[in-house]
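Breakdown of the fold
The primary structure of each chain is shown beneath.
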Amino acid sequence: MDEVFYLQSARFRDTDCDIFADDGEAYMTRDQIGRALGYVNPRNGIAKVHERHRDRLDPLSRTSTIHTLEGQAYQTVVYTRCGVMEVCRWSHQPQADAFMDFVWEVMDGLLTGRLKLHPLKHPYREVNAAARLLLRSLIAAEVPPRARLSALQNLYLESGLVFLPRTLALEMERPVPGLDRGQTP
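Below is a summary of the structure that appears in this document. Just so we're clear, the structure is a prediction, and the values are computed from it rather than from any experiment. (Residues numbered from 1 in each chain as written. Predicted model: local features only at pLDDT ≥ 70, side-chain atom pairs only at ≥ 80, totals over all residues. Heavy atoms only, no water.)

**Some points on helix α4 (residues 81-91)**
Of all the 11 residues making up α4, eight are buried; the element is thus mostly covered by neighbouring parts of the structure. Of all the positions in α4, only R81, G83, V84, M85, E86, V87, C88 and S91 are classed as buried. H92 sits one or two residues past α4 and shows a positive phi near 60°. (Buried < 20%, exposed > 50% of the residue type's maximum accessible area, 1.4 Å probe, protein only. Helix = DSSP H or I, 4+ residues; strand = E, 2+ residues; numbered from the N terminus.)

Structural data, given as structure tokens:
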């Protein structure tokens, strides 16, 4: 089973799309493709499209391990740029054409170097672990969410990452489980 690592995030309408890469190819997950295309149940919607066109989509997808901010790993299906285009073609969703244009622009820009990425100065997992600890400390110190975001953005930028992972942004407002006011993590 291959591992892919987060590179960049881009926004399509109301959907954050994380781009992953490995060996000169960019990938998107089945779930985020389904959300961008407007499926009510994104993962299942794309799985049904894949099942109907398995002969075309199997070579353009793979099961990979994605690492979360919390240091956990999960297996998911990711699609290459061409795979995303094929899913869009066969989905018949109203926003499929607009999403295809978006994917082409972003992924092509990453793969051709037109969109620049900064190399990571530290391994991604280490940066995520440091960000998690920093976030817990900031919440414990009752630092306002906007200041938390600024501190975390600086940590990621110093490490060579351009964007915060979406999972981190979702945790900005949450209290830290098991942490009473005044305690440190």
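**What to know about the pattern of salt bridges**
For the structure shown, the criterion picks out six salt bridges. With a closest N to O distance of 2.4 Å, R54 and E51 form a salt bridge. Classification of E51 by relative accessible area gives partly exposed; the value is 48%. Across the pair R54 and D58 runs a salt bridge whose closest N-O atoms are separated by 3.1 Å. Since its relative accessible area comes to 37%, R54 is described here as partly exposed. According to the relative accessible area criterion, D58 is partly exposed, its value standing at 36%. (Salt bridge = Lys/Arg side-chain N within 4 Å of Asp/Glu carboxyl O.)

**Structural notes on the side chain of H50**
Tracing the sequence through the fold places H50 in helix α2 (residues 42-52). Exposure remark for H50: the relative accessible area of 3% places this residue in the buried category. Side chain to side chain, H50 and D58 meet in a polar contact 2.7 Å long. Separated by 2.7 Å, the side chains of H50 and Y79 make a polar contact. Those residues within four positions of H50 in sequence are excluded, and the remaining contacts are R30, L57, D58, S61 and Y79. (Polar contact = N/O pair within 3.5 Å; in protein donor to acceptor, adjacent residues only side chain to side chain. Contact = heavy atoms within 4.5 Å.)

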